[in-house]
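The lines below spell out each chain.
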Amino acid sequence: FSHGQHCIVPAHRVTKVVDTTAAGDAFNGGYLAARFAGQNEQSAAGFAAKIAAYVIGHRGAIVDKAEMSNFIEANLLW
């Protein structure tokens, strides 16, 4: 909900959930990164949902830096 309007951003289906420890942090970080990069609320939430879905497919709260960098590069909206 922003500026008196709302939108629905679908979650991304995850076929194999390994660990949900960092899902919220990943979503929040992805959302903020996209907003700081100039994306609107809906695009930022979509990017954040992709990152959270990716992160829960890995063990522990931290995904390997190289893997995460590759994922982000492949999924940038901007």
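A quick note: this is a predicted structure, and the numbers were derived from the prediction, not measured.

Enquirer: Quick one: what's the story with the nonpolar core, residue by residue and with numbers?
Expert: Ranked by size, the top nonpolar core spans 11 residues in total: Ala 22, Ala 26, Ala 34, Ala 44, Phe 47, Ile 51, Tyr 54, Val 55, Val 63, Met 68 and Phe 71. Contributions of two or more residues to this core are made by α1 (23-36), α2 (41-55) and α3 (65-75). Of all the elements, α2 adds the most residues to this core, at five residues.

Enquirer: I'd like a description of the pattern of salt bridges, backed by residues and values.
Expert: Pairs can form between side chains of opposite charge whenever their charged atoms are close. Under the criterion given, the structure shown has one salt bridge. Here Arg 35 makes a salt bridge to Glu 41, at a shortest N to O gap of 3.6 Å. Residue classification places Arg 35 among the partly exposed positions, given a relative accessible area of 33%. With relative accessibility at 25%, the residue Glu 41 sits in the partly exposed group.

Enquirer: Please provide a residue-by-residue account of α2, values included.
Expert: Along its 15 residues, α2 runs 21 Å from first to last C-alpha, staying within 8% of the 21 Å computed at 1.5 Å per residue. The element α2 is extensively covered by neighbouring structure, given that 11 of its 15 residues are classed as buried. For α2, the complete set of buried residues consists of Ala 44, Ala 45, Gly 46, Phe 47, Ala 48, Ala 49, Ile 51, Ala 52, Ala 53, Tyr 54 and Val 55. Looking at the buried positions of α2, the neighbouring elements they touch are α1 and α3. Looking at where α2 begins, the residue whose side-chain oxygen comes 3.1 Å from the main-chain nitrogen of Gln 42 is Asn 40.

Calculation notes
Residues numbered from 1 in each chain as written. Predicted model: local features only at pLDDT ≥ 70, side-chain atom pairs only at ≥ 80, totals over all residues. Heavy atoms only, no water. Core = buried A, V, L, I, M, F, W, Y, C linked by side-chain atoms within 4.5 Å. Buried < 20%, exposed > 50% of the residue type's maximum accessible area, 1.4 Å probe, protein only. Helix = DSSP H or I, 4+ residues; strand = E, 2+ residues; numbered from the N terminus. Salt bridge = Lys/Arg side-chain N within 4 Å of Asp/Glu carboxyl O. Expected span 1.5 Å × (residues − 1). Contact = heavy atoms within 4.5 Å. Polar contact = N/O pair within 3.5 Å; in protein donor to acceptor, adjacent residues only side chain to side chain.

Such coordinate-based values are descriptive only and should not be taken to indicate function.
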